[in-house]
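Chain by chain, the residues run as shown.
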Amino acid sequence: MTDWVAEPSSRFTALVGERIEAWAGVEMALRENVAGNGPQFTDPDVPCLQLLELQARVGTDTSLSVGTYQNNDLFGLYCRPASEFRDAEHWDGIYRWRSLPELPTGLVERVAVFSDEDVLAEAHLRIGGRPLVLLAGELEEHYTGELIFQRLDESVLAFLDPAAADRLPWNTSREGCVEYASV
């Protein structure tokens, strides 16, 4: 496997045994302007968060950033040290910075990473006994208002229910996604 998968994979699997204290990130709106009321960040039919960037405070003095990288036409996930954990930052329009208390905190017990099309497509974590699935993807707003679930795209999609990710109508099949490493 190429460095496009090996390096980000090793950074995710190195999280096993670490303690996630808090999450925050730049959330992207699902729809830009709903009935003239501005951006829509939630929808009962969308079982995930759509994030431009996700940050975690690991222990008391370390932070990490989860985002996406581009390899040709496709995007994969990365996990790398962050200079600091940002508690607040100004974003507006279709972006908002916020604390993400709904994401699991505690000991990282397990990590499995999956590759597809020569990128790191997914990371499945078990944190404090709870699952967290991170996928490189994006929700594209169709002109009809329908949301199209795109895989291997430029955002981080965070799911608390792994089965919800399996049930979605993705633009391309997840069947080519293979486990690359697990700890």
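Shown above is the structure to which this text applies.
Cut-offs and rules
Residues numbered from 1 in each chain as written. Predicted model: local features only at pLDDT ≥ 70, side-chain atom pairs only at ≥ 80, totals over all residues. Heavy atoms only, no water. Helix = DSSP H or I, 4+ residues; strand = E, 2+ residues; numbered from the N terminus. Rg over C-alpha atoms; globule rule 2.2 N^0.38 Å. Buried < 20%, exposed > 50% of the residue type's maximum accessible area, 1.4 Å probe, protein only. Contact = heavy atoms within 4.5 Å. Areas by Shrake-Rupley, 256 points an atom, 1.4 Å probe, with all protein chains shown as cover. Core = buried A, V, L, I, M, F, W, Y, C linked by side-chain atoms within 4.5 Å. Arc of directions from axis to C-beta. Pairing = 2+ DSSP bridges. Phe/Tyr/Trp six-rings, centres within 6.5 Å; stacked < 30°, edge-to-face > 60°. Lys NZ or Arg CZ within 6 Å of the ring centre and 35° of its normal.

Undergrad: Could you give an account of the overall build of the chain, naming the residues involved and the relevant values?
TA: Of the regular secondary structure elements, the chain holds two helices and 11 strands. In the chain, the order of α-helices and β-strands from amino to carboxyl end is α-β-β-β-β-β-β-β-β-β-β-α-β. For 183 residues, the compact-globule formula gives about 16 Å, and the C-alpha radius of gyration of the chain, at 16 Å, lands near that figure. Taking the principal axes of its C-alpha atoms as reference, the chain extends roughly 45 × 35 × 30 Å. Split into buried and exposed, the 183 residues of the chain put 49% on the buried side. Partitioning the contacts of the chain with sequence separation of at least 6, the portion at a separation of at least 24 is 63%. Carbon and sulfur atoms make up 47% of the accessible area of the chain, which amounts to about 9,000 Å² in all.

Undergrad: Please give an account of unusual backbone geometry that cites residues and values.
TA: Even without being glycine, Asp118 reaches a positive phi, approximately 65°. Following the sequence through the fold, Asp118 ends up in the loop between β6 (106-116) and β7 (119-127). Although it is not a glycine, Leu152 sits at a positive phi angle of roughly 55°. Tracing the backbone through its elements, the reader meets Leu152 in the loop between β9 (147-151) and β10 (155-159).

Undergrad: Which residues make up the nonpolar core, and what are the values?
TA: In summary, soluble globular proteins display a tendency toward joint burial of nonpolar side chains. Formed by 36 residues in total, the largest nonpolar core has its most connected members in Phe12, Trp23 and Leu134. Beyond its immediate chain neighbours, meaning those up to four positions away, Trp23 contacts Leu54, Gln55, Ala56, Phe85, Ser99, Leu100, Leu103, Pro104, Thr105, Ile127 and Leu132. Core analysis: the next-biggest nonpolar cluster, separate from the first, contains 14 residues, Leu135, Leu139, Leu147 and Ala165 among them.

Undergrad: Give me the lowdown on helix α1 (residues 3-13), citing residues and values where you can.
TA: Along α1, the positions that sit buried rather than exposed are Val5, Pro8, Ser9, Phe12 and Thr13. Viewed along the axis of α1, the buried residues span an arc of 135°, placing them on a single side of the element. Check the buried side of α1 and you find it contacts β3 (62-71), β4 (74-82), β6, β7, β8 (130-141) and β11 (178-182).

Undergrad: Describe in detail the environment of Leu15, supporting the description with residues and values.
TA: Take Leu15: it is sitting in the loop between α1 and β1 (19-28). For the pair Leu15 and Cys79, spaced 64 residues apart in sequence, the C-alpha to C-alpha distance is 9.6 Å. With near-sequence residues (within four places) excluded, Leu15 lies in contact with Leu64, Cys79, Val108 and Leu125.

Undergrad: Before we move on, can you summarise the pairing of β4 with the specific residues and values?
TA: Looking along a regular strand, one sees the side chains alternate between the two faces of the sheet. As defined by bridge partners, β3 adjoins β4 across nine bridges and the pair is classed as antiparallel. From the neighbouring strand, Tyr69 faces β4, where its bridge partner is Gly76. Where β3 folds back on β4, the antiparallel hairpin that results is connected by two residues, among which Asn72 adopts a positive phi of roughly 60°.

Undergrad: I'd like a rundown of the packing of aromatic side chains, residues and numbers included.
TA: For any pair of aromatic rings, geometry is given as the distance between the ring centres together with the angle between the planes. All told, the structure shown has three aromatic pairs when counted by the stated rule. Seen in terms of ring centroids, Phe149 and Trp170 are 5.8 Å apart; in terms of plane orientation they differ by 75°. Their pairing is edge-to-face. A residue pair is termed long-range when its members are at least 10 positions apart, and Phe149 in strand β9 and Trp170 in the loop between α2 (162-167) and β11 qualify at 21 residues. With relative accessibility at 5%, the residue Phe149 sits in the buried group. Here the aromatic cluster, defined as three or more aromatic residues joined through ring pairs, consists of Phe149, Phe159 and Trp170. Here the basic side chain of Arg80 rests over the ring of Tyr78, its NZ or CZ set 4.0 Å away from the ring centre.

Undergrad: Please set out the environment of Asp92 residue by residue, giving values where relevant.
TA: Among the structural elements, Asp92 can be located in the loop between β4 and β5 (95-99). When the C-alpha positions of Asp92 and Gly129 are compared, they lie 34 Å apart, and in sequence the two are 37 residues distant.

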